[in-house]
Amino acid sequence: MRLYRYLFIALLLSLAPFAAAEQLLMARVNMTFPEAMLKLQETIKQQGYTISRVQRVDIGLTKSGYKTDKYRVVFFGKAEETEQLTKKFPVLLPYFPLKIAIFAEGNDTLITAYDPLLMFGESEPLLARAAQKWRSDLEVIFSTMREAE
Amino acid sequence: MKTLRILLIGFFVSLAFARPGFTETSLQQRGAMLYAQHCASCHGDTGKGGTGVPLSNTSFQQQVSDRFLFNTIKYGRPGRVMPAFSQLDKQDIQAIVKHVRTFSSARPPKLSMAKITGDISNGKELFHKHCASCHGTDGKGGKGTGVTFSRPRDLPIIAPALNNIGFLKSASDQMIKDTLMQGRDNTPMVSFLKQGLSEKDINDLVAYVRNFERYQQNYDHEKYKNEPLMIESESPYDLQTTIDNIKRAAVGKNFRLIRVQNLNAGLVEESKENTSQVIIYFCNFQMLNEALAIDPRVGMFLPCRITVVEQAGVVKVMAINPKRLSYLFNNDELNRLCGGMHDTYLEIIEEANL
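Residues numbered from 1 in each chain as written. Chains lettered and ligands numbered in written order. Predicted model: local features only at pLDDT ≥ 70, side-chain atom pairs only at ≥ 80, totals over all residues. Heavy atoms only, no water.

(A) Representation of the interface of chain B and chain A in the model. At the interface, 70 residues of chain B touch 65 residues of chain A. Of the roughly 5,500 Å² buried between chain B and chain A, counting both surfaces, carbon and sulfur atoms make up 65%. The interface formed by chain B and chain A holds zero salt bridges in total. Between the two partners, chain B and chain A, sit 13 residue pairs in polar contact (both at pLDDT 80 or more). Looking at the side of chain B that touches chain A, the element that brings in the most residues is helix 1 (residues 2–18) of chain B, giving seven residues. For the side of chain B that touches chain A, the class distribution of residues is 38 nonpolar, 24 polar and eight charged. (Contact = heavy atoms within 4.5 Å. Buried area = accessible area lost by both parts, 1.4 Å probe. Salt bridge = Lys/Arg side-chain N within 4 Å of Asp/Glu carboxyl O. Polar contact = N/O pair within 3.5 Å; in protein donor to acceptor, adjacent residues only side chain to side chain. Helix = DSSP H or I, 4+ residues; strand = E, 2+ residues; numbered from the N terminus. Nonpolar A, V, L, I, M, F, W, Y, C, P; charged D, E, K, R; others polar.)

Laid out in structure tokens, this is it:
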């Protein structure tokens, strides 16, 4: 099972350079919302990130009288990288920490994130390299979630 | 070492797939894999719909040709959420089409490619009477992204845009006619033959829909492609005063303050937080609700946020540029909302700087 997952991820990674047209990364997760939420946080941590906060978007909506399904935004980053790169590249300031939105759709859960490579990939080499790394980490996270059951 | 091995294996596996003339089963597997990667998030694992319209619908499968599916994948629906998969090669798209066909046992039609002629002005009249309520005036489609049941919707399935170049490039006249004659079972799209229109009326409608081709404007969603990534301004005040001003200005614009935090809070111990990078979160729940109804994915950029930083004695106020981000969603409806949000951010920042 584990090997299969690695193979799958490796395959996706090797295809990655060709799959550039979608502006947003998305995955459908065959898990209920609470399961997917746990799995997502675990997967993000496995890629070496710290979860800095989970924002509950749905609570405010429900309290204000709107109907909504479960909805969260998970913020994550690496302390040192955040400190250094935001100083050098102010464009990151309004965007950081990184984030993934997660919301329920029936018995499934959807996750989505913007592609950092598309946003910051055409800048100075240092930032472009960092963006490339975020993108490939996100790809691993998304394909792990897609495969999870 | 381990990653290297994994990468190597992955490389060989992908080489095997990339060979021309691969076997039927590997084509099927590839179709399934590509669908899971690129389509399932919106249309559902088995094509039942979600953020996108259902692809497993029996009448849909009976009415559309493989060419329609192929072109729809290739060109997408500009401005209507459905992306263009122009990066996929012909074989990959064919593999996906094959996979989409496994969602239903319905037989694909043999459609004539002949042009259907009709009276466009009568078609126009009929369209406004019978179709515009769902498909929008001028066929620009219903609001929203598809069928997501998890949020309240006016219709279970959103009516597609008919004036869309991606649709017009994919659909033959015959396909449009069959859809109108037969309707789509289990969707709001009913048979207009059964609704009392004649076959001639339906031909007139087909001619009117085809005529949309002549009015292709520049798409809205391309308009923000070259917007800067952020809104930025220098504050004449010190850090704390600027933060207070932003808070007051946001509340003055009917936002509720959610939270003020240091940017790296949660990443480091509290005592080590960088107090010269501060985020102010605020929200207007009516706006949030509206945004999520247009596209549930925009929540990723919400609640609203302004970041205030002090570097080398200069205080700067920054926000994401909603216009630039709108471009990511390929959704014309969202452009209007994001245009408004862009202006609101500017107003808050200007007022705080007064």
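This is not the end of the story, as more comes after the structure.
(B) Representation of the sheet that holds strand 2 (residues 50–56) of chain A in the model. All names here are of chain A. Reading across from one edge, 1-5-4-3-2 is the order of the five strands in this open sheet, with antiparallel pairing throughout. The open sheet has two edge strands with one neighbour each: strand 1 (24–29) and strand 2. Across this sheet, the average inter-strand angle for adjacent strands is 20 degrees, counted without regard to direction. Across six bridges, strand 3 (residues 71–77) lies against strand 4 (residues 98–105) in antiparallel orientation. Looking at strand 4, one finds that F75 is bridged to K99. Seen against the sheet, helix 6 (residues 125–147) touches strand 1, strand 3, strand 4 and strand 5 (108–114) and runs at an angle of roughly 20 degrees to strand 1. (Pairing = 2+ DSSP bridges. Axes fitted to C-alpha atoms, helices over the stretch in contact; angles between N-to-C directions.)

(C) Representation of the domain arrangement of chain B. Residues and elements named next belong to chain B. Per the domain assignment, the segments making up chain B are domain 1 (19–215) and domain 2 (223–353). Relative to domain 2, the C-alpha centre of domain 1 lies at a distance of 38 Å. On the domain 2 side, the residues contacting the 12 residues of domain 1 number 12 residues. Between domain 1 and domain 2, roughly 910 Å² of surface is buried when both sides are summed, and carbon and sulfur atoms account for 45% of that area. Between domain 1 and domain 2 we count zero salt bridges in total. Applying the counting criterion to the domain 1 and domain 2 interface returns six residue pairs in polar contact (both at pLDDT 80 or more). (Domains from an automatic or database assignment.)

(D) Main features of helix 4 (residues 79–88) of chain A. Of the residues making up helix 4 of chain A, those classed as buried are T82, L85 and T86 of chain A. Projected down its long axis, helix 4 of chain A carries its buried residues within an arc of 100 degrees, all on one side. Counted as exposed and oriented over 90 degrees from the buried face of helix 4 of chain A: E80 and K88 of chain A. Here the buried face of helix 4 of chain A lies against helix 6 of chain A together with strand 3 (277–283) of chain B. (Buried < 20%, exposed > 50% of the residue type's maximum accessible area, 1.4 Å probe, protein only. Arc of directions from axis to C-beta.)

(E) Inspection of the packing of helix 2 (residues 24–38) of chain B against helix 6 (residues 90–101) of chain B at higher detail. Residues and elements named next belong to chain B. Two numbers describe how helix 2 lies on helix 6: the axes approach to 8 Å, and their chain directions differ by 85 degrees. Between helix 2 and helix 6, the crossing angle belongs to the class labelled roughly perpendicular. Contact residues: helix 2 offers E24, L27, R30, G31, A32, L34 and Y35, while helix 6 offers Q91, D92, A95, I96, K98, H99 and V100. Classifying every residue of the contact of helix 2 with helix 6 gives seven nonpolar, three polar and four charged. (Parallel < 35°, antiparallel > 145°, perpendicular 65-115°, else oblique.)

(F) Just the pattern of salt bridges, in detail. Residues and elements named next belong to chain A. Within this structure, the stated rule accounts for 19 salt bridges over all chains. Note that R28 is salt-bridged to E105, the shortest N-O span being 2.9 Å. Here E105 lies in strand 4 and R28 lies in strand 1, a separation of 77 residues in the sequence. Residue R28 shares its accessibility class with E105, and that shared class is buried.

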